[in-house]
Amino acid sequence: MAIIDLRSDTVTQPTPAMREAMAHAQLGDDVYGEDPTVNQLQEIAAAMLGKEAGLFVPSGTMGNLAAILTHCGRGDEVIMGNQAHTFRYEAGGVAALGGVHPHTLPNQVDGTLLLDAIESAIRPDDEHHPITRLIALENTHNRCGGSPLSVEYTRKVGELAHAHGLVLHLDGARIFNAAAALNVDVAELAAPVDSVTFCLSKGLCAPVGSVLCGTHDFIRRAHRIRKQLGGGTRQAGVLAAAGIIALQDIVPRLKEDHYRAAKLAQGLAELPGVVVDATQPPTNMVYLGLSDTIAVGAAEIVAQLKEHQVLVGATGKRRFRLVTHYWIDDPAVETTVAAFAEVLKACS
Ligand code: TLP
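Rules of the game
- Residues numbered from 1 in each chain as written.
- Predicted model: local features only at pLDDT ≥ 70, side-chain atom pairs only at ≥ 80, totals over all residues.
- Heavy atoms only, no water.
- Helix = DSSP H or I, 4+ residues; strand = E, 2+ residues; numbered from the N terminus.
- Rg over C-alpha atoms; globule rule 2.2 N^0.38 Å.
- Buried < 20%, exposed > 50% of the residue type's maximum accessible area, 1.4 Å probe, protein only.
- Contact = heavy atoms within 4.5 Å.
- Areas by Shrake-Rupley, 256 points an atom, 1.4 Å probe, with all protein chains shown as cover.
- Phe/Tyr/Trp six-rings, centres within 6.5 Å; stacked < 30°, edge-to-face > 60°.
- 1 Å grid on protein atoms, 1.4 Å probe; cavity = no way out; pocket = protein on both sides within 12 Å on 5 of 7 lines; lining within 4 Å.
- Points joined across faces, edges and corners; volume = space filled by probe spheres on them.
- Nonpolar A, V, L, I, M, F, W, Y, C, P; charged D, E, K, R; others polar.
- Domains from an automatic or database assignment.
- Buried area = accessible area lost by both parts, 1.4 Å probe.
- Salt bridge = Lys/Arg side-chain N within 4 Å of Asp/Glu carboxyl O.
- Polar contact = N/O pair within 3.5 Å; in protein donor to acceptor, adjacent residues only side chain to side chain.
- Pairing = 2+ DSSP bridges.
- Axes fitted to C-alpha atoms, helices over the stretch in contact; angles between N-to-C directions.

S.K.: In this structure, what is going on with the overall build of the protein chain? I would like to understand it.
M.R.: For the protein chain, the count of helices and strands is 14 helices and 13 strands. Computed over C-alpha atoms, the radius of gyration of the protein chain comes to 21 Å, within 12% of the 20 Å expected from 2.2 N^0.38 for 348 residues, which places it in the range of a compact globule. C-alpha atoms of the protein chain, sized along the principal axes, occupy 60 × 55 × 35 Å. When each of the 348 residues of the protein chain is scored for burial, the buried share is 55%. Across the protein chain, every contact between residues at least 6 apart in sequence was considered, and the portion connecting residues at least 24 apart equals 74%. Carbon and sulfur atoms make up 53% of the accessible area of the protein chain, which amounts to about 14700 Å² in all.

Here is the structure:
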């Protein structure tokens, strides 16, 4: 039986159409700006996001890092959520490599930061303080259940940032999931932000890469930072070719993943021993916990599910995250619920 891998949408393999496009991609040296396929991807991505220019980067982490280092200098401060990927899972890159000071605010359960809290966090001009330069949001918000941030909320944060002379960056690793869930054009979600990164290699199935988008001037400066970070690559068109297919073929089908995540949440919620988060966001993530009736912890459940060929991620001692994607079909959802039922029964 094929393995059902729900640990993340990062595990997605390229589709046959992507492999085909990769094999036949026209290539050049992207450090010279001569890879036609990379150039094409950057143009398509920027147009979709409603931005002037795009920059292909090897990962979401590098996209966020390049963006933050482009906006901020050493000793500047970035306001971000305490559950943000940029704060929790990017190895402290902004501080370690850029000398940028993260100022964290509590993320609300829906992934937002309170507007009042953001406003209070902006530093007055005083030599004792770092200089507040940037606000960073995340959409969808991974640690907050995959919740999508609305156009309205993003606009309010953008207005707040700009009123204080700050800029707004969006970690939009899964912004196409957010747009699909909210039924809005992705460009509307990106309109209030000065820069946005999105990932090709998560739910969009491409093997490698993200695109950072913003104004021509911002991307010109980010280009140099990408080079400093070692992210200037050569015949990257083999990767960009898959990214173009991702934008054409996979973006329009993301709602299927959301539908299956809802089905999965529903099936799991009916099992004794499982507590599915009450406010399941409508994207591709399902977070759940174990009730007191289950004697073992998440690590043991993960190990036992693996014996049923089902892989899920433990996000705490008694918590899990399951992420749906292109390679998870209806039977996979049913098999996962059945495997959970069997494992939980054995452990209660
Ligand atoms: N997220 C991964 C892990 O690192 C947690 C996952 O499995 O979800 N922003 C967001 C919101 C992300 O979720 C991720 C990856 C990134 C940035 C970083 O992307 P990569 O892995 O391409 O550097």
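Anyway, onward from the coordinates.
S.K.: In this structure, what is going on with the packing of aromatic side chains? I would like to understand it.
M.R.: Aromatic rings considered in pairs are described by the distance between their centres and by the relative angle of their planes. Within this structure, the stated rule accounts for three aromatic pairs. Considering the side-chain rings of F176 and F198, the 5.2 Å spacing of their centres and the 85° angle between planes classify their relative orientation as edge-to-face. Here F176, found in helix α8 (residues 175-182), pairs with F198, found in strand β7 (residues 195-199); they are 22 residues apart in sequence, far enough to count as distant. For the pair F176 and F198, one class covers both residues: buried. Aromatic pair Y326 and W327: ring centres 4.8 Å apart, planes at 80°, arrangement edge-to-face. When its relative accessible area of 41% is taken as the criterion, W327 is described as partly exposed.

S.K.: Please explain empty space enclosed by the protein as it appears in this structure.
M.R.: The probe, sized like a water molecule, is rolled over the atoms to show the empty space still left. By the definition in use, this model includes three cavities of 30 Å³ or more. Considering the residues around the largest cavity, the lining is formed by G172, A173, R174, I175, F176, N177, F198, C199, K202, G203 and L204. Secondary-structure elements contributing two or more residues to the lining of the largest cavity are α8 and β7. Grouping the amino acids of the lining of the largest cavity by side-chain chemistry returns six nonpolar, three polar and two charged. Considering only enclosed or pocket space, the second largest cavity measures out at about 40 Å³ in volume. Around the second largest cavity, the lining residues are A84, T86, A136, L137, E138, H169 and D171. Mapped onto the lining of the second largest cavity, the elements with two or more residues apiece are β5 (131-138) and β6 (167-171).

S.K.: Whenever I open this one, the layout of surface pockets confuses me. Can you help?
M.R.: Of the voids in this model, the largest pocket is the one considered here, and its volume is about 290 Å³. If you go around the largest pocket, you meet 15 residues; those closest to its centre are V109, R143, C144, G145 and D277. Of the residues that constitute the lining of the largest pocket, the class distribution is five nonpolar, six polar and four charged. Two domains each provide a minimum of three residues to the lining of the largest pocket, namely domain 1 (4-9 + 254-347) and domain 2 (13-251).

S.K.: What exactly am I supposed to notice about the domain arrangement of the protein chain here?
M.R.: Note on interface size: it is often stated as the accessible area lost on association of the parts. Domains assigned within the protein chain are domain 1 (4-9 + 254-347) and domain 2 (13-251). Each of domain 1 and domain 2 was reduced to a C-alpha centroid, and the two centroids are 29 Å apart. Counting residues at the interface gives 15 residues for domain 1, matched by 25 residues for domain 2. Between domain 1 and domain 2 the total buried area reaches about 1600 Å² when both faces are included, carbon and sulfur atoms providing 56% of it. Looking only at domain 1, the three residues that lose the most surface to domain 2 are D9, L254 and W327, adding up to 36% of its buried area. One can count one salt bridge joining domain 1 with domain 2. Across the pair D9 and R174 runs a salt bridge, and its minimum N-O distance is 2.8 Å. At the boundary of domain 1 and domain 2, one finds eight residue pairs in polar contact (both at pLDDT 80 or more). Those elements that place two or more of their residues in the side of domain 1 that touches domain 2 are α12 (254-269) and β10 (285-290). Per-element tally for the side of domain 1 that touches domain 2: the top contributor is α12, with three residues.

S.K.: How do you make sense of the sheet that holds β10 when you look at a structure like this?
M.R.: In a beta sheet, neighbouring strands pair by backbone hydrogen bonds and run either parallel or antiparallel. In space, the four strands of this open sheet follow the order β9-β10-β13-β12, with antiparallel pairing throughout. Each end of this open sheet is capped by a strand with a single partner; those strands are β9 (274-276) and β12 (313-316). Within this sheet the neighbouring strands show an average axis-to-axis angle of 35°, counted without direction. Running over the sheet, helix α13 (residues 298-307) touches β10, β12 and β13 (319-323) and is turned about 40° from β13.

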